[in-house]
Amino acid sequence: MNPIYTGKDVSYIDTKQAQRSAESLLVDAEMFATFAALHGAKYPYAALDKAWRQLVFGAHHDAITGSESDQVYLDLLTTWRDAWDVGAGVLRASLDHLAGQLELPPSDAAPVAVFNPSAWDRRDLVTVPVTDVPASSVEVLGPDGQLVPCVIDNVARAADGTITSADVTFVAEVPGIGHSAGWQVRASSGSSSAWQDEPDQFVIESAEHLLEVDPRRGGCVSRWYDKRADRELLQAGEVGNELVVMQEYSAHPKFHEGPWHLVPTGEVLAH
């Protein structure tokens, strides 16, 4: 309870997340760097050694648990960031090298290779940034040459309506500790995403659920209907994923200690 140890009894969740994120990234980077080395790349011993030393340095009980003081928190943020940046650089270089070994058929479309670091087969979302598309939309072709449903987000357009930049998201199936090549993202004059090209439609549904969002409230989920149970999961007037700010006491209301105690007053601000 002094100026040196301000922040006591505060749990910094972002330090726990930073440590775990950097650990997971480095494990993936080591694995793909090993595969890349088997295909002629130089193994990044020094970079990976440095990154792991940074994580080990911040793995003591007053850091990795998130219960450190403010000074320790500020000192360690740079080590976690450094470890993550080094791991990200190694992973990117390794995947670039491995992707360069793939033999892809000639095509005017942008080829995409998807890598899976998990030991099991995965079916997951893949997001690909595209730039300077000479068309009003894009579409995705799977390895079998068939069109794959996709969603286009963060679209920026030129004066003539062509796409200058966008994020294209689709579902890919990739074997465990492997890759799937042959995906293609190409220009299209049609509509690839009802959410992007038909902004008046804010409902999406599957065989099990129906979701509706409210654009007037920043895209909050205004309706969630469970078809299997024939039940509305949100009550009238409720919204999902709404940003709520909970006011806190400036000092503990009973013990009158400093602002490091996270005690809400009960007052809630919501948009």
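First, a word on scope: everything that follows refers to the structure included in this document. Since this is a predicted model, take the numbers as computed values, not measurements.

How each quantity is defined
- Residues numbered from 1 in each chain as written.
- Predicted model: local features only at pLDDT ≥ 70, side-chain atom pairs only at ≥ 80, totals over all residues.
- Heavy atoms only, no water.
- Pairing = 2+ DSSP bridges.
- Helix = DSSP H or I, 4+ residues; strand = E, 2+ residues; numbered from the N terminus.
- Axes fitted to C-alpha atoms, helices over the stretch in contact; angles between N-to-C directions.
- Salt bridge = Lys/Arg side-chain N within 4 Å of Asp/Glu carboxyl O.
- Buried < 20%, exposed > 50% of the residue type's maximum accessible area, 1.4 Å probe, protein only.

## Focus on the sheet that holds strand β10 (residues 220-226)
1) Next: With antiparallel pairing, four strands are arranged side by side in an open sheet as β8-β9-β10-β11. The open sheet has two free edges, formed respectively by β8 (203-205) and β11 (231-232), since each of these has just one partner strand.
2) Next: Judged from the three bridges that link them, β8 and strand β9 (residues 209-214) form a sheet pairing that is antiparallel. Across the sheet, residue Val-203 finds its bridge partner in β9, namely Glu-212.

## Observations concerning the sheet that holds strand β2 (residues 122-133)
1) Next: Spatially, the three strands line up as an open sheet ordered β2-β6-β5, and their pairing is antiparallel. The open sheet terminates on both sides in strands that have one partner only, identified here as β2 and β5 (150-157). With strand direction ignored, the average angle separating the axes of adjacent strands in the sheet is 20°.
2) Next: In this structure, β2 lies alongside strand β6 (residues 163-174), joined through 11 bridges in antiparallel fashion. The residue of β6 that forms the bridge with Asp-124 is Ala-172.

## Focus on the pattern of salt bridges
1) Next: Here the structure, examined in full by the defined rule, presents 11 salt bridges.
2) Next: Asp-49 serves as the salt-bridge partner of Arg-53, at 2.7 Å between the closest nitrogen and oxygen. Taken as a pair, Arg-53 and Asp-49 lie in helix α2 (residues 45-57) at a separation of four residues, close to a single helical turn.
3) Next: Taking the relative accessible area as the measure of exposure, Arg-53 reaches 58% and is therefore exposed.

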